[in-house]
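# Inside the fold
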Amino acid sequence: MKIFSGVIRFNSPTLRLLNSSTVVAIAGGLRLNIAFLLASAEIHISEYIAFTLIIYATYTLDRALDCKEDIINKSEFIGADGNTAILVCTIAFIAGTILLAMDGILLAPFFPFIVGYVYTRGIRVGRCHLRLKGGAGMKNFIIGVTWGGTIALIVSRWCNVAITVLVIFLFYTIKLFITSCINDFKDVRGDLAAGIRTLPVSLGERTTKEVLLLMNIVLHCIMIYAVFYRIIGNEWVILVYSLIINTSFLIVYSSSFEQCSQLFLRRMRWIVIYWESAISLALRAGVAA
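Thresholds applied
Residues numbered from 1 in each chain as written. Predicted model: local features only at pLDDT ≥ 70, side-chain atom pairs only at ≥ 80, totals over all residues. Heavy atoms only, no water. Patch = residues over 30% accessible without salt bridge, like charges linked within 9 Å, V, L, I, M, F, W, Y side chains within 5 Å. Areas by Shrake-Rupley, 256 points an atom, 1.4 Å probe, with all protein chains shown as cover. Salt bridge = Lys/Arg side-chain N within 4 Å of Asp/Glu carboxyl O. Helix = DSSP H or I, 4+ residues; strand = E, 2+ residues; numbered from the N terminus. Buried < 20%, exposed > 50% of the residue type's maximum accessible area, 1.4 Å probe, protein only. Expected span 1.5 Å × (residues − 1). Contact = heavy atoms within 4.5 Å. 1 Å grid on protein atoms, 1.4 Å probe; cavity = no way out; pocket = protein on both sides within 12 Å on 5 of 7 lines; lining within 4 Å. Points joined across faces, edges and corners; volume = space filled by probe spheres on them. Nonpolar A, V, L, I, M, F, W, Y, C, P; charged D, E, K, R; others polar.

With that out of the way, let us pick up a nonpolar patch on the surface. Taken together, Leu-170, Leu-214, Val-218 and Ile-222 make up a surface patch of nonpolar side chains, about 310 Å² in accessible area. Looking at the nonpolar patch, the element that brings in the most residues is helix α11 (residues 205–228), giving 3 residues. Mapped onto the fold, Ile-222 is located in helix α11. A relative accessible area of 33% means that Ile-222 is categorised as partly exposed.

Let us now look at α11. Residues three or four positions apart in an α-helix share a direction because the helix packs 3.6 residues into each turn. Helix length check: α11, at 24 residues, gives a terminal C-alpha distance of 35 Å against a target of 34 Å (1.5 Å per residue), a fit within 8%. Those residues of α11 that are buried lie in contact with α2 (22–38), α8 (162–184), α10 (199–203) and α12 (236–252). Taken from the residues just after α11, Arg-230 is the one with a positive phi, measuring 60°.

Before going further, it helps to examine empty space enclosed by the protein. A full pass over the atoms with the stated rule returns 1 cavity of 30 Å³ or more. If you add up the space inside the largest cavity, you get close to 90 Å³. The wall of the largest cavity is formed by Arg-31, Ile-34, Phe-171, Tyr-172, Lys-175, Leu-176, Thr-179, Ile-238, Ile-273, Glu-276, Ser-277 and Ser-280. Listed by contribution, the elements that provide at least two residues to the lining of the largest cavity are α2, α8 and α14 (276–288). Residue contributions to the lining of the largest cavity peak at 5 residues, all from α8. Split into classes, the residues belonging to the lining of the largest cavity amount to 6 nonpolar, 3 polar and 3 charged.

Inspection of the secondary structure puts His-220 in helix α11. Setting aside residues no more than four positions away along its own chain, His-220 makes contact with Phe-171, Leu-239, Ser-242 and Leu-243.

So, on to the pattern of salt bridges. Scanning the entire structure with this criterion turns up 5 salt bridges. Between Lys-139 and Asp-184 there is a salt bridge, with its nearest N and O atoms 3.0 Å apart. Taken together, the residues span a long stretch of sequence, with Lys-139 in helix α7 (residues 138–156) and Asp-184 in helix α8 at a distance of 45 residues. The residue Glu-210 makes a salt bridge to Arg-206 at a minimum N-O spacing of 3.6 Å.

See the structure below:
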């Protein structure tokens, strides 16, 4: 199959680029499923598919555009056909936007780009210009707000309880802040070269893990409180698994695992972060059976 100037060969840089965000996107769709469960809302599979497509388009497009840190962190994409990736991303984004629009959800598809614009350009209030890009942990905060906010916007279409939507927004904003920080452990060299002050760059691995561990425990205490007072649905299996797996992971994980000879250790971060939702949903189904 020819696209633009070349043939996409198996395991080519272009194919690796096109497939690089697939697992991230699927994980995002499953997170939205869990958000609907927490909101005690009716299942809307078309919206899960739409959200998956939008995440895929956003992350793949970001990787398709030349970025200084990616020369170091993601050298396997060097030589990929950016035009092909942009075309695929455009199709995925349009399809996701149409699916959400069919359910009356108009702002959510564009929210990541709005937040991204504010992140890049900063905030101007009168003569004061606050730049967000480059601050310690700011990239991670933006990732959390972007996808936590998009999930909350979609859920709010079917849940009119503001405090419930707010708790879901807080849950995913903090969870995605934590997971993006963990992902940054392996990208310190590239982030340093690009001048991006992630928490591992600023605080070091050990201190960052301690901060994330505290955030994780506080977050789940809030969620338990919300379940107890019926602010969110009684999804205790999902929340207990989230607490246990993330706490255990933060205690034992080291960036040295990424280069370890043992396959399980090399894939531990990948399994915990990207398959947490799938495993927790499977456990929930098993308990309910």
